[in-house]
Amino acid sequence: MRKVGIPKSRAEKRYRRHQRVRKAVSGTAERPRLVVFRSLKHIYAQIVDDVSQRTLITVSDSGVESGKKTEKSTAVGKQVAAKAKAVGITKVVFDRAGYQYHGRVKAVADGAREGGLEF
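None of these values were measured; they are calculated from a predicted model.

**Here's the deal with the environment of Ala45**
- Note on placement: Ala45 falls in strand β2 (residues 43-49).
- We classify Ala45 as buried; its relative accessible area is 0%.
- For the pair Ala45 and Ala84, spaced 39 residues apart in sequence, the C-alpha separation works out to 12 Å.
- Those residues within four positions of Ala45 in sequence are excluded, and the remaining contacts are Leu34, Val35, Ile57, Thr58, Val59, Val76, Val80 and Val108.

This is the structure:
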């Protein structure tokens, strides 16, 4: 069991923020959750149905050609939107996973919107 107290590391602070976001954001079958994970080098996006506890779609920037990280993030957003539309998903709930809605996280959201997802 984790000790409740003042978070010390950057990872613990992000984990706390993510838990706050997850209280309000939940994915259903009609409107699944689009969650973003950002590392120092890569970015990943998943579409998750929280009711059935299944990951429906996963996309990473490994298949994207070279470019800046923000450009790769936009391409990831477009890829996840294309895969979602192929499965029949048009509306999602965006989960920023404790990250600031800025930079690469915003680029994924903008790419998904350009690809046709609504949130």
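**Quick word on the environment of Arg113**
- Relative to the assigned elements, Arg113 resides in helix α3 (residues 104-115).
- Taking C-alpha positions, Arg113 is 14 Å from Val36, a pair spaced 77 residues apart along the chain.
- If we skip the residues at most four places from it in the chain, Arg113 touches Tyr101 and Phe119.

Cut-offs used in this document
- Every residue gets a number counted from 1 within its own chain, in the order that chain's sequence is written.
- Given that the model is predicted, a residue must reach a pLDDT of at least 70 before its local features are reported, and side-chain atom pairs must reach 80 or more before they are shown or counted; all residues, however, enter totals for whole chains, interfaces and linings.
- Where side-chain values are given, they derive from all heavy atoms of the structure, hydrogens and water being excluded.
- Per the convention used, a helix needs a DSSP run of H or I reaching at least four residues, while a strand needs a run of E reaching at least two, with both numbered from the N terminus.
- Residue burial is assigned from relative accessible area. The probe radius is 1.4 Å, only protein chains are included, and a residue is buried under 20% of its type maximum, exposed over 50%, and partly exposed in between.
- The contact definition used throughout considers only heavy atoms, calling two residues in contact when any of these lie within 4.5 Å.

Note that all results are geometric; they support no functional claim without further evidence.
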